[in-house]
Amino acid sequence: MTRTESDVLVIGGGIIGLAVAWRTAQRGLRVTVVDPEPGRGAAQVAAGMLAPVTELQYGEEPLLRLGMASNDRYRDFVAELADLTELDTGYRETGTLAVALDSDDRAELRELHGFQQRLGLESHWLTGRECRKLEPMLAPGVRGGLHVTGDHQVDGRRLAAALVLACERSGVTLHRASVTELLLTGDRATGVRLSSGERLTAAQLVLAAGPQSHLLPGLPAGVLPPVRPVKGQVLRLRIPERYAPFLSRNVRAVVRGQHIYLVPRADGELVIGATSEELGYDTTVTAGGVYELLRDAHELVPGLTELPLVETGAGLRPGSPDNAPLLGPTSLPGLVAATGHYRNGVLLTPVTADLIAEHLATGAVPALAAPFSPSRFAPKAAA
Ligand code: GLY
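None of these values were measured; they are calculated from a predicted model.

So, how was this worked out
Residues numbered from 1 in each chain as written. Predicted model: local features only at pLDDT ≥ 70, side-chain atom pairs only at ≥ 80, totals over all residues. Heavy atoms only, no water. Near = heavy atom within 4 Å. Polar contact = N/O pair within 3.5 Å; in protein donor to acceptor, adjacent residues only side chain to side chain. Areas by Shrake-Rupley, 256 points an atom, 1.4 Å probe, with all protein chains shown as cover. Nonpolar A, V, L, I, M, F, W, Y, C, P; charged D, E, K, R; others polar. Salt bridge = Lys/Arg side-chain N within 4 Å of Asp/Glu carboxyl O. Helix = DSSP H or I, 4+ residues; strand = E, 2+ residues; numbered from the N terminus. Buried < 20%, exposed > 50% of the residue type's maximum accessible area, 1.4 Å probe, protein only. Pairing = 2+ DSSP bridges. Axes fitted to C-alpha atoms, helices over the stretch in contact; angles between N-to-C directions.

K.L.:
Tell me about the site of the ligand, and please be specific about residues and values.
P.N.:
Taken together, the neighbourhood of the ligand is formed by Glu-55, Tyr-261, Ala-274, Arg-317 and Arg-343. Between an oxygen atom of the ligand and a side-chain N or O atom of Arg-317, the distance comes to 2.7 Å. Separating a nitrogen atom of the ligand from a backbone N or O atom of Arg-343 is a distance of 2.7 Å. When isolated, the ligand has an accessible area of 190 Å², and the protein chains bury 87% of it. A breakdown of the residues in the shell around the ligand according to their chemical character gives 2 nonpolar, no polar and 3 charged.

Spelled out as structure tokens, the structure:
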């Protein structure tokens, strides 16, 4: 039983796969997404920080450019989604405050500030007193911080719901099923087999299956490097009216070498993230994970112990070998990758969708995508 209906078939309906499908359908191509539960995945757990400047790492300037390009598109991207779906994605232009809790953190943040300034990024050094003036709930011991006015937030769950509806309203076929095998014709990827036995074929396929991407049966060896799962545990607290606003912007720090961040949403939710654990595909919420998050968050904002804890959860970030995404055509003709976004999936959704849709519609690899070609991991030929 074969159905041949699509120009493009997207394997994986997380926010990356859905956004790619939506943007590609806008280009006039017939698109199908295959996923048992479109809109599920890491976005259901993510805090949704849009933080290319505060999460800047040495040696990752191409990733910074990609992150900045995506951040710049966010306002229009969510406005377009809202026009089409009448759904609010919870996008908020709050800015972010990254604070230091001791003199070592302070020295590290000072260094990051210097690096940001050399790259011409918008970031302001504040004293501890100035930090507490912006965010009075911060611990009295805060030693200083960086105010990054362009690093914002979006609600991953609302974003996923809006993307599902945007796909439906743009003519994308959402096929709620599991893919069991990638199908090849000669040396070309031409379709997938589903758990029902049904086969779907398409002119081009997009692999957007997060940390499952390289495990797809039928995928020839060496086409994709391993995309490892990096577990993140996250807590959700509720800010009662009487404590509002509690925090007015994203607040983050590095405590005992671990990133901790607090993301206050307009609807009163306060998201605390995230652990970073390399334990395979396990998504158990552990007492130790919850303890560490609460302990570190409490050091930053002691008053949060008064707030109701309403949810705990764990998700899997898809990490490539160099922690940068895999974007564009693979060495297998017919197969395009859009995966490996690691800590930046929510941030990189708009730019990934635009770049991959451009490639699918024109065959060209946009310049912004070139540094993220999956072929960068191909074994080099002997000289
Ligand atoms: N981008 C934040 C995280 O992955 O924890």
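K.L.:
I'd like a description of the pattern of salt bridges, backed by residues and values.
P.N.:
This structure, assessed with the given rule, holds 21 salt bridges. Measuring nitrogen to oxygen at the nearest pair gives 2.6 Å for the salt bridge that ties Arg-157 to Glu-311. Taken together, the positions of Arg-157 in helix H5 (residues 156-169) and Glu-311 in strand S16 (residues 309-319) put the pair 154 residues apart, joining distant regions of the chain. Exposure remark for Arg-157: the relative accessible area of 26% places this residue in the partly exposed category. Of the charged contacts in the structure, one is a salt bridge between Arg-236 and Glu-269, with a shortest N-O distance of 3.5 Å. You can see Arg-236 sitting in strand S12 (residues 228-238) and its partner Glu-269 sitting in strand S15 (residues 269-273), a full 33 residues away along the chain. With respect to class, Arg-236 is no different from Glu-269; both count as buried. Bridged by salt links that share partners, the residues Asp-155, Arg-158, Arg-236, Arg-265, Asp-267 and Glu-269 form one connected network.

K.L.:
For the sheet that holds strand S5 (residues 124-127), give the residues involved together with the corresponding values.
P.N.:
Judged by pairing direction, the sheet is mixed, and its 8 strands sit side by side in the order S5-S6-S4-S13-S14-S15-S12-S16 without closing on themselves. Edge positions in the sheet fall to S5 and S16, since each has one partner strand and no second. Direction aside, the axes of adjacent strands within the sheet are offset by 25° on average. Sheet analysis places S12 next to S15, joined by 5 bridges and oriented antiparallel. The residue bridging Leu-237 from the neighbouring strand is Leu-270, located in S15.

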